[in-house]
Amino acid sequence: MLMNIAKTLKFRRDKRWPQGAIVYQIYPRSFFDSNADGIGDLPGITAKLKYLKDLGVGVIWLSPFYTSPMADFGYDIADYCDVDPIFGTLQDIDKLIKSAHSKGIKILVDLVPNHSSDEHEWFRQSRQTREGKYSDWYIWKDPKATDKSGKPVPPNNWLDIFTGETAWEWEPARQQFYLHSFDVKQPDLNWANPEVREAIKTAMRFWLDKGVDGFRVDAVRFMGKDPDFKDNPKNPLYKPGEGSNYNSIKHIYSQGWPSLYGYLNEMADVLKEKPYQKSLRFMVTESYPETSEPVNEYLEFYKGMDPKVAAPFNFEGLGLPWQAEPWRQFLAKFHTALDDYSPLCVASYAFGNHDQHRLATRLGDPAARSAAVLLLTLPGMAFIYNGEEIGMKNGKIPPSLIKDPAAKGGASRDPERTPLQWSSAKNAGFTTADTSWLPVNSDYQTDNIQLQTKDRYSYYRLYQSLAKLRNSSKALRKGQLSVINTGHQSVLGYLRTQGRQSHLTLINFSEVSVEIKLPDSIKIGRFQISSDAETKHKKTPNNHIQLLPYEAAVFKTKHK
Ligand code: GLC
């Protein structure tokens, strides 16, 4: 009991809690179904908090659970301050927040500022007339012209990311087009309008008052648009018919306009308001780098927002090839740039999410296990997407069961959204309904949480040991990162150092086993964890070490 109180106090005192945090992303539809309707829900999450605590999770991020017609499975919000009945009630989210906090788990909720649902009251009114309170809350434009058949022509060539077709939809009542960067049922809000900004900030306060610890902020690049709405230039690299038509233009005017930083800063300011100062509230913004200079792009976000309360996602775990050299270069450049800019900057690494093919499918098992070691020994926030901790693979979805609106453009995200595999029971123990909203993966009888928690060689046990190590080591949570010279092209090595303690991570990116000799200045130290569950490294003479194909290993050293 006393120890628990001491632990809780320590947790509260840790003001910069994002630094070193393990964050678990929950896609509520697919996590756990408590009411047998085939769809996961909030009480289902509350019921499984112990599982997350045992895994070593300190923070959860909940993908949207708000009122929604589910055109984009919750990323189309019809009421920012209510819960969709599919997921439960406001009382259910209160219970979840309280229960998570009592276990020392923080909660980030998803915030979708760029667009609402077309069924939001704001849009229902906005689309009716050019007058009235909400008339300027969305992006309305007159047609550029009328074509020969008398049809209005969209104001510019901007495209919707899901279909690769025009992002403009004609509204007969207003005789104008509205813009939708995503689905036609997700009209873009007009961030240039201060009333819109206030409305989103009011929604933020609603959730902060409920006690959430912050937000994951959706699709922020799209909030900044060229005020002149110029045509995007053609993409000279695009070959018609190859990939989505969305790639036929470069989206330089429709997104990423610098006005977005001002908007994000206004949002970040809410987190610093008086009522929220007792414990740090934090937001992580979603924006995929667009250029070959991701470090500069990430830095623009750190500089554009206040790093004390905000950080951009770092998506190199999705973007970089699984090779030592690009990682070596990125880590050295990125962490030097962050340290130079401000000690407050928090890196924020995600190797998977509900929009990306599964990590274990992308890399294969041995490298995906190494990726777990990499993720959990890097600085900042480490995001684990639900299912990653058991090495879940992409599901195979028969065409008749496809749900994702993005599938229209040829890039369905359903495979990475299949229900979490809890056990070998019917529907992987996810639901007692006859069917789940997406089919469970066919491998659930051999790959599931129940089996993996008992198997010391499993993915689960690897994630759990890594989490335990990270949570108990100040050097891994807060330490500086320095890339070392391993003398081998395929082996990445870096130290995480705090005071007299260091951890050394070595990762062999190649498919063959390698032997390396580290410089005498580096002490390999005591072996702690290997991505290969059967391997234990013994002390080797002369700083030599042998790594298995795709093996990642962590060591610990004390300096004098
Ligand atoms: C983000 C979400 C994605 C959603 C889109 C539109 O990228 O992660 O799932 O479809 O924004 O809200």
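Just so it is clear, the structure is predicted and the values come from calculations on it, not from any experiment.

## Points about the overall build of the protein
Piece 1. Counting its secondary structure elements, the protein contains 16 helices and 22 strands.
Piece 2. For 560 residues, the compact-globule estimate of 2.2 N^0.38 gives 24 Å, and the C-alpha radius of gyration of the protein, at 24 Å, lies within 12% of that figure.
Piece 3. Buried positions account for 58% of the 560 residues belonging to the protein.
Piece 4. Nonlocal contacts in the protein, meaning residues at least 24 apart in sequence, comprise 69% of its contacts between residues at least 6 apart.
Piece 5. About 23,400 Å² of surface is accessible on the protein, with carbon and sulfur atoms providing 53% of the total.
Piece 6. Counting 72 positive and 65 negative side-chain charges, the protein places the centres of these two groups 10 Å from one another.

## Concerning the pattern of salt bridges
Piece 1. Summed over all chains, the structure comprises 32 salt bridges.
Piece 2. Note that Arg124 and Glu121 form a salt bridge whose closest N and O atoms lie 3.8 Å from each other. Here Arg124 and its partner Glu121 are both found in helix α6 (residues 121–126), three residues apart, which amounts to about one turn of the helix.
Piece 3. For Arg124, a relative accessible area of 41% corresponds to the partly exposed category.
Piece 4. Among the residues examined, Glu121 registers a relative accessible area of 41% and is labelled partly exposed.
Piece 5. In this structure, the salt-bridge partner of Lys225 is Asp188, at a minimum N-O distance of 2.9 Å. Of this pair, Lys225 sits in the loop between β11 (214–217) and α8 (259–271) while Asp188 sits in the loop between β10 (176–179) and α7 (194–209); the two residues are 37 residues apart in sequence, bridging distant segments of the chain.

## Details of the domain arrangement of the protein
Piece 1. Under the domain assignment, the protein is made up of domain 1 (2–115 + 194–469), domain 2 (116–190) and domain 3 (479–559).
Piece 2. Computed over C-alpha atoms only, the centres of domain 1 and domain 3 are separated by 30 Å.
Piece 3. Contacts between the two partners involve 24 residues from domain 1, matched on the other side by 25 residues from domain 3.
Piece 4. In total, about 2,000 Å² of surface goes out of reach between domain 1 and domain 3, with carbon and sulfur atoms giving 70% of it.
Piece 5. Of all residues in domain 1, Arg328, Thr377 and Leu469 bury the most surface against domain 3, accounting for 26% of the area lost on that side.
Piece 6. Our enumeration of links across domain 1 and domain 3 arrives at zero salt bridges.
Piece 7. Every element with two or more residues in the side of domain 1 that touches domain 3 is listed here: α11 (324–341), α13 (365–377) and α15 (459–472).
Piece 8. Tallied by class, the residues present in the side of domain 1 that touches domain 3 amount to 15 nonpolar, five polar and four charged.

## Overview of the side chain of Arg470
Piece 1. The residue Arg470 is located in helix α15 in this model.
Piece 2. For Arg470, a relative accessible area of 0% translates into the label buried.

## With respect to the packing of aromatic side chains
Piece 1. Summed over all chains, the structure comprises 42 aromatic pairs.
Piece 2. When the ring of Phe65 is compared with that of Trp207, the centres are 5.5 Å apart and the planes differ by 85 degrees; the resulting orientation is edge-to-face. Here Phe65, found in the loop between β2 (59–62) and β3 (66–67), pairs with Trp207, found in helix α7; they are 142 residues apart in sequence, far enough to count as distant.
Piece 3. Residue classification places Phe65 among the buried residues on the basis of a relative accessible area of 0%.
Piece 4. Above the plane of the ring of Trp437 lies Arg29, whose end atom (NZ or CZ) is 4.3 Å from the centre.

## Remarks on the site of the ligand
Piece 1. Neighbouring the ligand are 14 residues, the closest being Asp72, His115, Asp218, Glu286 and Asp355.
Piece 2. At 2.5 Å from an oxygen atom of the ligand is found a side-chain nitrogen or oxygen belonging to Asp72.
Piece 3. A distance of 3.0 Å is found between an oxygen atom of the ligand and a side-chain nitrogen or oxygen belonging to Arg216.
Piece 4. In isolation the ligand has 310 Å² of accessible area, and contact with the protein removes 95% of it.
Piece 5. Each of domain 1 (2–115 + 194–469) and domain 2 (116–190) gives at least three residues to the shell around the ligand.

The rules behind each value
Residue numbers here run from 1 along each chain, matching the order of that chain's written sequence. Where totals are concerned, whole chains, interfaces and linings use all residues; where local detail is concerned, this predicted model gives features only for residues with pLDDT of at least 70, and gives and counts side-chain atom pairs only at 80 or more. Just so you know, side-chain values use all the structure's heavy atoms and leave hydrogens and water out. Strands are runs of DSSP state E lasting at least two residues, helices are runs of H or I lasting at least four, and both sets are numbered from the N terminus onward. Two things to know: the radius of gyration comes from C-alpha atoms, and the globule rule equals 2.2 Å times the number of residues to the power 0.38. The rule is simple: take the accessible area with a 1.4 Å probe, protein chains only, and divide by the maximum for that residue type; under 20% is buried, over 50% is exposed, in between is partly exposed. Residue contacts are counted whenever heavy atoms from the two residues lie within 4.5 Å of one another. To measure how exposed things are, a 1.4 Å probe is used in the Shrake-Rupley method; for residues, cover is taken only from the protein chains shown. Under the convention used here, Asp and Glu are negative, Lys and Arg are positive, and both His and the chain ends fall outside the count. The atoms used to mark charge sites are NZ of Lys, CZ of Arg, CG of Asp and CD of Glu. Think of a salt bridge as a Lys or Arg side-chain nitrogen and an Asp or Glu carboxyl oxygen that are within 4 Å of each other. Each domain span listed reflects an automatic or database assignment of domains. Values labelled buried area give the accessible surface lost by two parts on being combined, using a 1.4 Å probe and summing over both. Basically, the charged four are Asp, Glu, Lys and Arg, the nonpolar ten are Ala, Val, Leu, Ile, Met, Phe, Trp, Tyr, Cys and Pro, and anything else, Gly included, counts as polar. Note on aromatic pairs: the rings of Phe, Tyr and Trp (six-membered ring only in Trp) are paired at centre separations within 6.5 Å, and the planes decide the class, stacked below 30 degrees, edge-to-face beyond 60, tilted for the rest. Counted as over-ring charges are cases with an Arg CZ or a Lys NZ within 6 Å of the ring centre that also lie within 35 degrees of the ring normal. Here, proximity means that at least one heavy atom of the residue falls within 4 Å of the molecule or strand. Pairs of N or O atoms are called polar contacts if they sit within 3.5 Å, as long as, within protein, a hydrogen donor faces a hydrogen acceptor (for residues adjacent in sequence, only side-chain-to-side-chain pairs).

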